[in-house]
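Coordinate analysis (summary)
Single-letter residue listing:
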Amino acid sequence: MIQEACTLCPRRCGARRTAESGSGRCGMGTDPVIARAALHFWEEPCISGTRGSGAVFFTGCPLGCVFCQNYSISTVKEVGKRVTPKELSEIFQKLEEQGAHNINLVTPTHFVPAILEALSIRKPSVPVVYNCGGYETLETLRMLEGYVDIYLPDFKYIQPELAASLSGAPDYPETAKAAILEMVRQTGPAVYDEAGMMQRGTVVRHLILPGHTKNSIAVLDWLAANLPDGVPVSVMAQYVPCGKAADFPPLGRRITAREYEKVQNRLFELGLDGYIQERESASKSFIPPFDLRGVT
């Protein structure tokens with residue numbers, strides 16, 4: 001597969017991508033590069049359940065946040081093995097055989113055509129989860145309709161200047177708003193099985209950043225005003241300094257108890273359904289080793 005002018009992500013860089021290489025922001029070719037494919041137990045309870053989510057971690061990322069907790073594969077791109085769409089389909093099947101509640105595509109945007117080909121070879125019998133940073137084009141999302149059962153996007157920033165500083169994407173807020181509404185349109189309200197596992201729906205995540213509670217509260221306000229009933233929100237307190245975070249104070253520290261309480265209180269005031277992590281969950285232990293498990 002060759003893309004002469006890639007426009008899959010909102011960067012719309014127009015890079016020429018071959019199967020093996022690409023000169024765009026993501027730095028990837030069109031064949032998926034995977035750092036890990038294994039059962040993962042650190043998602044929301046309705047995603048990880050008791051048997052784990054079948055998480056496929058893709059190397060590269062169109063967004064490139066300075067504090068990314070998967071920095072070694074999203075930005076530095078240290079680890080990863082290239083696979084064909086057929087091999088990717090086989091990886092999905094192996095995760096199902098291991099008992100995965102779902103197939104969880106982590107940072108998949110830049111490989112969407114190959115992922116669609118893999119899903120066309122064999123549609124998994126468990127839900128397909130699209131786990132992304134929220135920085136998506138409507139055109140790419142509409143390609144996924146009918147293939148993705150659950151969307152798991154971030155809504156990182158509502159302040160353009162913060163998005164510009166930390167992700168080089170001043171268009172992030174408006175882009176993510178439109179993307180989230182499109183995801184919700186596709187999936188509708190959350191549907192769960194008898195064990196409480198999500199089968200269809202959208203969960204919107206927000207990571208509290210140290211020193212930026214105003215951003216977090218404004219994100220929650222927008223979600224409360226714009227999400228229909230039945231769309232859960234997940235507020236994450238797991239922030240630990242990673243990547244280049246130390247170069248962007250106050251990102252070189254964890255969130256404080258006061259910061260956590262301010263955002264938590266706003267979540268409760270708004271009456272948003274969903275999840276909030278305990279502040280004590282902030283540990284690098286939830287970051288899996290990117291050791292090519294399940295790929296080689």
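Everything that follows concerns the structure shown earlier in this document.
Note that this is a predicted model, so its numbers are computed, not measured.

1. Thoughts on the pairing of strand β4 (residues 103-106)
The two faces of β4 match: Ile103 and Leu105 on one face and Asn104 and Val106 on the other face are all buried. In this sheet, strand β5 (residues 128-132) lies alongside β4 in parallel orientation, the contact comprising 4 bridges. Each residue of the ladder has a partner; that of leucine 105, found in β5, is tyrosine 130. Once you follow β4 into helix α4 (residues 112-121) and on to β5, the crossover reads as right-handed.

2. Topic: the nonpolar core
Phe67, Phe155, Tyr157, Tyr172 and Leu223 are the most contacted members of the largest nonpolar core, which has 39 residues in total. Once you skip the residues sitting within four places of it in the chain, tyrosine 157 turns out to touch Cys65, Phe67, Leu162, Ala163, Leu166, Ser167, Tyr172, Pro173, Leu209, Asn215 and Val219. Val33, Val112, Leu119 and Leu141 belong to the second largest nonpolar core, which has 32 residues in total.

3. Digging into helix α8 (residues 213-226)
A turn of α-helix holds 3.6 residues, and therefore any two residues three or four places apart point the same way. When the terminal C-alpha atoms of α8 are compared, their 20 Å separation across 14 residues agrees well with the 20 Å that a helix rising 1.5 Å per residue should span. Restricting attention to buried positions, one finds in α8 the residues Thr213, Asn215, Ser216, Val219, Leu220, Trp222 and Leu223.

4. Remarks on the sheet that holds strand β11 (residues 274-276)
The 3 strands lie next to each other as β9-β10-β11, forming an open sheet whose pairing is parallel. If you trace the sheet from one side to the other, it starts and ends with β9 (204-207) and β11, each paired once. Pairwise comparison of adjacent strand axes, ignoring direction, gives a mean angle of 10° for this sheet. Inspection of the sheet shows strand β10 (residues 233-236) paired to β11 by 3 bridges, in the parallel sense. The partner of valine 235 across the bridge, within β11, is isoleucine 276. Against the sheet, α8 makes contact with β9 and β10, and its axis sits at roughly 165° relative to β9, the strand it touches most.

5. Remarks on the packing of helix α3 (residues 85-97) against α4
Packed helices, taken two at a time, are described by the angle their axes make and the gap between the axes. It is the contact of α3 with α4, at a shortest axis distance of 8 Å, that shows an interaxial angle of 60°. With respect to each other, α3 and α4 are oriented oblique. Between α3 and α4 the crossing geometry is right-handed. Along the contact surface, α3 presents Pro85, Lys86, Leu88, Ser89 and Phe92, while α4 presents Ala114, Ile115, Glu117, Ala118, Leu119 and Ile121. Its residues assigned to classes, the contact of α3 with α4 comprises 8 nonpolar, 1 polar and 2 charged.

6. Let's talk about the sheet that holds strand β8 (residues 198-202)
Read across the sheet, 8 strands follow the order β3-β1-β2-β4-β5-β6-β8-β7 without closing on themselves; strand pairing throughout is mixed. Two strands bound the open sheet, and with one partner strand each, they are β3 (81-82) and β7 (191-192). Pairing of β7 with β8 involves 2 bridges; the strand directions are antiparallel. Residue pairing in the sheet places tyrosine 192 in a bridge with methionine 198 of β8. Contacting β1 (33-40), β2 (53-58), β3 and β4, α3 crosses the sheet at an angle of about 150° to β2.

What counts, and at which threshold
- Residues numbered from 1 in each chain as written.
- Predicted model: local features only at pLDDT ≥ 70, side-chain atom pairs only at ≥ 80, totals over all residues.
- Heavy atoms only, no water.
- Buried < 20%, exposed > 50% of the residue type's maximum accessible area, 1.4 Å probe, protein only.
- Helix = DSSP H or I, 4+ residues; strand = E, 2+ residues; numbered from the N terminus.
- Pairing = 2+ DSSP bridges.
- Right-handed = clockwise from strand over helix to strand, strands pointing away.
- Core = buried A, V, L, I, M, F, W, Y, C linked by side-chain atoms within 4.5 Å.
- Contact = heavy atoms within 4.5 Å.
- Expected span 1.5 Å × (residues − 1).
- Axes fitted to C-alpha atoms, helices over the stretch in contact; angles between N-to-C directions.
- Parallel < 35°, antiparallel > 145°, perpendicular 65-115°, else oblique.
- Left-handed = near helix turned anticlockwise from the far one by under 90°.
- Nonpolar A, V, L, I, M, F, W, Y, C, P; charged D, E, K, R; others polar.

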